[in-house]
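Chain and residue survey
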Amino acid sequence: MLEPSGASWASIPLPDGFLHRLREITQRYDTVLIFDEVITGFRWSPGGVQGLLGIRPDLTTMAKIMAGGLPGGAVGGRADILALLEFRDDPAWNQERRVQHPGTFNANPLSAAAGCACLQNRR
């Protein structure tokens, strides 16, 4: 997991090509690559650093920019990984296998609407 802009919001930049090489290595070794786009998401480009550079991580974390500046955030990524968070019609799965993901602002409709409005205005 890393900030794709480099440490401290690019004040310590990554070497050219680092993220592309890292993606290749994580794919070779079947390792999950996570981008922390809490700061860079939607600021560097509508697709964050990953959209700007054309690199797709397995998971991405985003913060209040995703909620139009309101409290909130999001985790996005591969469907097979995110499926580990879902509730199913299977009590054993829900109690024993599902990855718990509690949060104060989970499913907050106001934050979701603000995020949609913010993203629509970026086009």
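Just so it is clear, the model here is predicted, and its values are computed rather than measured.

Let's shift gears to the overall build of the protein chain. The helix and strand inventory of the protein chain stands at 6 helices and 3 strands. Counting helices and strands in the order they occur from the N terminus, the protein chain gives α-α-β-α-β-β-α-α-α. Along the first, second and third principal axes, the C-alpha set of the protein chain runs to 50 × 40 × 25 Å. For the protein chain, the share of sequence-separated contacts (at least 6 apart) that also reach a separation of at least 24 residues comes to 48%. In the protein chain, which carries 12 positive and 12 negative side-chain charges, the distance between the mean positions of the two groups comes to 6 Å.

Our next topic: the environment of R97. Looking at the secondary structure, you find R97 in helix α5 (residues 91-97). Residue classification places R97 among the exposed residues on the basis of a relative accessible area of 58%. In the structure, R97 is positioned 33 residues away from K64 in sequence and 29 Å away in space, judged by C-alpha atoms.

Let's shift gears to the sheet that holds strand β2 (residues 59-62). Adjacent strands of a sheet pair through backbone hydrogen bonds, lying either parallel or antiparallel. A sheet is described by the order of its strands in space; here 3 strands give the open sequence β1-β2-β3, paired in mixed fashion. On the outer flanks of this sheet lie β1 (34-36) and β3 (74-77), each paired with one strand and no other. This sheet shows a mean twist of 20° between the axes of neighbouring strands, independent of strand direction. In the sheet, β1 pairs with β2 via 3 bridges, with the strands oriented parallel. Residue pairing for β2: I34 is matched across the bridge by L59.

Okay, the packing of aromatic side chains next. The description of an aromatic ring pair uses the distance of the two centres, along with the angle that the planes make with each other. One pass over the full model with this rule turns up 0 aromatic pairs. Sitting over the face of the ring of W93, R88 holds its NZ or CZ atom 3.6 Å from the ring centroid.

What follows concerns the nonpolar core. Side chains that are nonpolar tend, in soluble globular proteins, to be buried together. Core analysis: the biggest nonpolar cluster contains 6 residues, these being L2, L19, L33, F35, V49 and I55. Beyond its immediate sequence surroundings of up to four residues, L19 is in contact with L2, P4, L14, F35, V49, L53 and I55.

Burial along β2 is two-sided: L59 and T61 and T60 and M62, pointing in opposite directions, are all buried. Running through helix α3 (residues 48-53), the crossover from β1 to the neighbouring parallel element β2 is right-handed.

All right, on to unusual backbone geometry then. In terms of backbone geometry, most residues other than glycine have negative phi values and most peptide bonds are trans. Of note, D30 is a non-glycine position whose phi angle comes to about 50°, a positive value. Mapping D30 onto the fold places it in the loop between α2 (18-28) and β1.

This next bit is on a nonpolar patch on the surface. On the surface, a nonpolar cluster with roughly 540 Å² of combined accessible area is contributed by W9, V38, I39, W44, L52 and L53. Locating L53 in the fold gives a position in helix α3.

Now for the pattern of salt bridges. A full pass over the atoms with the stated rule returns 4 salt bridges. Residues R23 and D58 are paired through a salt bridge, measuring 2.9 Å at the closest nitrogen-oxygen approach. With R23 in helix α2 and D58 in the loop between α3 and β2, this pair connects stretches of sequence that are 35 residues apart. Taking the relative accessible area as the measure of exposure, R23 reaches 10% and is therefore buried. Among the salt bridges present, the one from R78 reaches D58, with a minimum N-O distance of 3.0 Å. Linking R78 in the loop between β3 and α4 (79-82) with D58 in the loop between α3 and β2, this pair joins segments that are 20 residues apart in sequence. Classification of R78 as partly exposed rests on a relative accessible area of 33%. Taking the relative accessible area as the measure of exposure, D58 reaches 5% and is therefore buried.

Here is what the cut-offs are and how they apply
- Residues numbered from 1 in each chain as written.
- Predicted model: local features only at pLDDT ≥ 70, side-chain atom pairs only at ≥ 80, totals over all residues.
- Heavy atoms only, no water.
- Helix = DSSP H or I, 4+ residues; strand = E, 2+ residues; numbered from the N terminus.
- Contact = heavy atoms within 4.5 Å.
- Lys, Arg positive; Asp, Glu negative; His and termini not counted.
- Charge placed at Lys NZ, Arg CZ, Asp CG, Glu CD.
- Buried < 20%, exposed > 50% of the residue type's maximum accessible area, 1.4 Å probe, protein only.
- Pairing = 2+ DSSP bridges.
- Axes fitted to C-alpha atoms, helices over the stretch in contact; angles between N-to-C directions.
- Phe/Tyr/Trp six-rings, centres within 6.5 Å; stacked < 30°, edge-to-face > 60°.
- Lys NZ or Arg CZ within 6 Å of the ring centre and 35° of its normal.
- Core = buried A, V, L, I, M, F, W, Y, C linked by side-chain atoms within 4.5 Å.
- Right-handed = clockwise from strand over helix to strand, strands pointing away.
- Patch = residues over 30% accessible without salt bridge, like charges linked within 9 Å, V, L, I, M, F, W, Y side chains within 5 Å.
- Areas by Shrake-Rupley, 256 points an atom, 1.4 Å probe, with all protein chains shown as cover.
- Salt bridge = Lys/Arg side-chain N within 4 Å of Asp/Glu carboxyl O.

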